Amino acid sequence: MKKLLLILLSLTLCACQSQTKYTASSSKKACDVTSEEETCNSKDDTKTTFNEISFDEAIQYFTQEKSGVLYFEFSSCPWCKEAKPILKKVAKDNGIDIQYVKVRDEEKNRLYTDEQKAIIEPYIQDYMSNNDEGILTLYVPLVLVVKNGKAIDGHEGTLESHDATERKMTDDEKKELTQIYTKLMGEVK
């Protein structure tokens, strides 16, 4: 009887997947991927059809003079949670393939090294920002349009008026971000 109960319990657990609801978090206009801040750590329940690539593969877009759209983010970033569905829709509407670069894992560990950052930095420094200590930092969400190994356009964060830790984007802000992403996708064609 105990074996039967264990088997049924195992099957039930294997057959079910829990879904995490969106939870608000508190941070600034984007998530600093080098930060251990608790405010960028809630789960992402958005399923994505983006092509996930490694940080090394992202570097190859520059070193091997490739073209495409790179999207840097991590699932617990509150700005990414709001930007990603908008980017997905704009990319789908424009028939654009997005290369998704996950920069942190579920335990908040950074998924790239200082050496990798040093390699990619000269290519994307115009789309990075200084942190409070004045260090050039990769903030997410970051969307980059790369042509022949050069970042020709990009967008960091959501909108200056939006703080994902305080509130969700308004419909007008969503429209504005849609316009920004639409302009970026126009650069791809």
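Scroll up for the structure.
Scope of this entry: the structure provided in the associated data block.

Reading the values: the criteria
- Residues numbered from 1 in each chain as written.
- Predicted model: local features only at pLDDT ≥ 70, side-chain atom pairs only at ≥ 80, totals over all residues.
- Heavy atoms only, no water.
- Helix = DSSP H or I, 4+ residues; strand = E, 2+ residues; numbered from the N terminus.
- Buried < 20%, exposed > 50% of the residue type's maximum accessible area, 1.4 Å probe, protein only.
- Contact = heavy atoms within 4.5 Å.

### Some details on unusual backbone geometry
Here Val140 and Pro141 are connected by a cis peptide whose omega angle stands at 0°. If you check the backbone angles, Glu65 has positive phi at about 55° while not being a glycine. Mapping Glu65 onto the fold places it in the loop between helix 2 (55-63) and strand 3 (68-73). Despite not being glycine, Lys108 has its phi angle at roughly 75°, a positive value. For Lys108, the location among the structural elements is in the loop between strand 4 (98-102) and helix 4 (114-124).

### Describing the side chain of His155
Positionally, His155 belongs in strand 9 (residues 150-156). Relative accessible area serves as the criterion here: at 16%, His155 is assigned to the buried category. His155 has contacts with Pro141, Leu142, Val143, Leu177, Ile180, Tyr181 and Leu184, leaving out every residue within four places of it along the chain.

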